[in-house]
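Each chain, written out:
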Amino acid sequence: TLTAEVPLYAATVARARLDQMHRRLLRGEWPTKQMLGTLELFAELFDPLQPRHPVLTPMTLLISKWLLFTPVRSGLDLAKGLYLVKIAKKYACQSGTVVPESLRFLTSVLGGVRADSSDGGVLCVQPRAKKRAKKRPAKGDVSVTKMVMECDAADAVQAEAFDSAEFKLASIELAFELAEGLLGAHRKVPSAPELFQPLGSAMAAAAEGVSTSSWAKEAGSLSPAAQRMEAAILDLTLSRRSLGATFKEQAKQVKQYNPRFEEDYVAGKDYDVDRDRSDRKRLRRDLKREKRGAMRELRKDNKFLATVKNRERDQTKEDLQKKYNKQFHFLEQQQSDMRSGGQKGMIKLRRK
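Note that the coordinates shown come from a computational prediction; the quantities given were computed from them, not determined experimentally.

**A short note on the overall build of the protein**
Then, number 1: From N to C terminus, the protein includes 12 helices and 2 strands.
Then, number 2: Helices and strands appear in the protein in the N-to-C order α-α-α-α-α-β-β-α-α-α-α-α-α-α.
Then, number 3: Sorting the 352 residues of the protein into buried and exposed places 30% on the buried side.
Then, number 4: Intrachain contacts of the protein at a sequence separation of at least 6 include 73% that bridge at least 24 residues.
Then, number 5: In the form shown here, the protein has an accessible surface area of approximately 24900 Å², with 54% of it arising from carbon and sulfur atoms.

Spelled out as structure tokens, the structure:
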């Protein structure tokens, strides 16, 4: 990764940033555009393949909490939520980690799509006006992620842009794109059909509602996307092994204990029909025999070496004792000579 040279410092700084974001989450507020850029930077810098990563794992949990617990009150909140889903999708494509909160968020967002409706919902697309006071940008010119990064909460004009029909159609199209990307990232998950079935139903309902509205021309790509999603889910369902085949075990042959008799039995002869197994048994017997012989020889050698060592030690003690006796005898002679007056003990002292 890009932080391989200073991993400890980079992780410490990143964890401090995540703590600041978590305090904002506890207040029930969506992240700022600076926080969104920081999260996207973390996804680029750190290694997504490392399990229990000290930065990416808390970051994924933080994104999941934002998507699950923070309510969507406006178009700006919707755009930030889609931006978080985009980051989660990028991380899931690289690491294979399933983020079910992103699927639930997309399902709830697409479930609230109402075409040609004047309600106050976040994704209630108003009917097309026959006469416009001013020209609005086409749907293809609207980028949800770009609008999030360029938005200013204090600017009323930009805040009004998040309530426009063009922005809502672009958000729906982005949600469809993210859903297809998440399905492609989790195709190998065994429970993928169950995970994406509610999302696929919501996509089909949203595409049908928008395609029959006055915005059908701008939403021409939604119906094919919903059909592709439904076909992919069906394909995953059919390609998955059934539960019976998954847990089916091969029947083991019952072991027979019937005795086998040989007419011309010879002691020591191996009657096994498998020659390889017979050779392995013979080699194991030879190995055991050689091992026992080697151990027997080693014991003999140890006994001989111990005998020689004891003999040498006894000889050394005997020589030392002889030298001691010789010196002691010499000292006794010197003592006797001194007592006899230098005559080597030959003169006897007279008694008075």
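**Details of a positive patch on the surface**
Then, number 1: A grouping of R280, K281, R284, R285, K288, R292, R296, R299 and K300 is seen on the molecular surface, where their side chains present a positively charged patch.
Then, number 2: With respect to the element layout, R280 can be found in helix α12 (residues 275-339).

**Let's talk about the side chain of S64**
Then, number 1: Along the chain, the position of S64 falls in helix α3 (residues 56-69).
Then, number 2: Residue classification places S64 among the buried positions, given a relative accessible area of 8%.
Then, number 3: Among the polar contacts made by the side chain of S64, one reaches the main-chain carbonyl oxygen of T60 at a distance of 2.8 Å.
Then, number 4: Not counting residues up to four positions away in its chain, the partners in contact with S64 are V99 and E101.

**Quick word on α12**
Then, number 1: For α12, built from 65 residues, the straight-helix expectation of 96 Å at 1.5 Å per residue is met to within 8% by its first-to-last C-alpha distance of 96 Å.
Then, number 2: Taking the backbone nitrogen of D276 as reference, a side-chain oxygen 3.3 Å away marks D274 as the first, capping residue of α12.
Then, number 3: Of the residues trailing α12, G341 is marked for its positive phi of about 80 degrees.

**Focus: the pattern of salt bridges**
Proximity of charged atoms lets side chains of opposite charge pair with each other.
Then, number 1: Enumeration according to the criterion identifies 9 salt bridges in this entry.
Then, number 2: Between E180 and R228 there is a salt bridge, and its shortest N-O distance comes to 3.0 Å. You can see E180 sitting in helix α8 (residues 165-185) and its partner R228 sitting in helix α10 (residues 222-239), a full 48 residues away along the chain.
Then, number 3: When its relative accessible area of 26% is taken as the criterion, E180 is described as partly exposed.
Then, number 4: Residue class for R228 comes out partly exposed when judged on its relative accessible area of 47%.
Then, number 5: Notably, a salt bridge pairs K322 with E318, separated by 4.0 Å at the nearest N-O pair.

**As for the packing of aromatic side chains**
Then, number 1: Taken as a whole, this structure holds 3 aromatic pairs when the rule is applied.
Then, number 2: With centroids separated by 6.0 Å and ring planes inclined at 70 degrees, the aromatic side chains of F42 and F46 adopt a geometry described as edge-to-face.
Then, number 3: On the basis of relative accessibility, which here comes to 5%, the residue F46 falls in the buried class.
Then, number 4: Taking the ring centre of Y83 as reference, the NZ or CZ of K86 above it sits at 5.7 Å.

**Brief notes about the packing of helix α4 (residues 75-95) against helix α5 (residues 100-111)**
Then, number 1: Direction vectors running N to C along α4 and α5 enclose 145 degrees, while the axes themselves pass 10 Å from each other. Classified by chirality, the crossing of α5 by α4 is left-handed. Side by side, α4 and α5 meet where L78, G81, L82 and V85 of the first sit next to S102, F105, L106 and V109 of the second.
Then, number 2: Considered class by class, the residues forming the contact of α4 with α5 number 6 nonpolar, 2 polar and no charged.

**Details of α4**
Note that an α-helix has 3.6 residues per turn; residues three or four places apart therefore point the same way.
Then, number 1: Between its first and last C-alpha, α4 extends 30 Å over 21 residues, near the 30 Å set by a 1.5 Å rise per residue.
Then, number 2: At the C-terminal side of α4, G96 shows a positive phi close to 80 degrees.

**Concerning the packing of helix α2 (residues 33-45) against α4**
Then, number 1: Remark: α2 packs on α4, axes separated minimally by 10 Å, with the N-to-C direction vectors making an angle of 5 degrees. One way to sum up the angle between α2 and α4 is to call them roughly parallel. Here α2 contributes L36, L39, E40, A43 and E44 to the contact with α4, which in turn contributes K80, Y83, L84, I87, K90 and Q94.

Cut-offs used in this document
Residues numbered from 1 in each chain as written. Predicted model: local features only at pLDDT ≥ 70, side-chain atom pairs only at ≥ 80, totals over all residues. Heavy atoms only, no water. Helix = DSSP H or I, 4+ residues; strand = E, 2+ residues; numbered from the N terminus. Buried < 20%, exposed > 50% of the residue type's maximum accessible area, 1.4 Å probe, protein only. Contact = heavy atoms within 4.5 Å. Areas by Shrake-Rupley, 256 points an atom, 1.4 Å probe, with all protein chains shown as cover. Patch = residues over 30% accessible without salt bridge, like charges linked within 9 Å, V, L, I, M, F, W, Y side chains within 5 Å. Salt bridge = Lys/Arg side-chain N within 4 Å of Asp/Glu carboxyl O. Lys, Arg positive; Asp, Glu negative; His and termini not counted. Charge placed at Lys NZ, Arg CZ, Asp CG, Glu CD. Polar contact = N/O pair within 3.5 Å; in protein donor to acceptor, adjacent residues only side chain to side chain. Expected span 1.5 Å × (residues − 1). Phe/Tyr/Trp six-rings, centres within 6.5 Å; stacked < 30°, edge-to-face > 60°. Lys NZ or Arg CZ within 6 Å of the ring centre and 35° of its normal. Axes fitted to C-alpha atoms, helices over the stretch in contact; angles between N-to-C directions. Left-handed = near helix turned anticlockwise from the far one by under 90°. Nonpolar A, V, L, I, M, F, W, Y, C, P; charged D, E, K, R; others polar. Parallel < 35°, antiparallel > 145°, perpendicular 65-115°, else oblique.

Nothing here speaks to function; it is geometry throughout.
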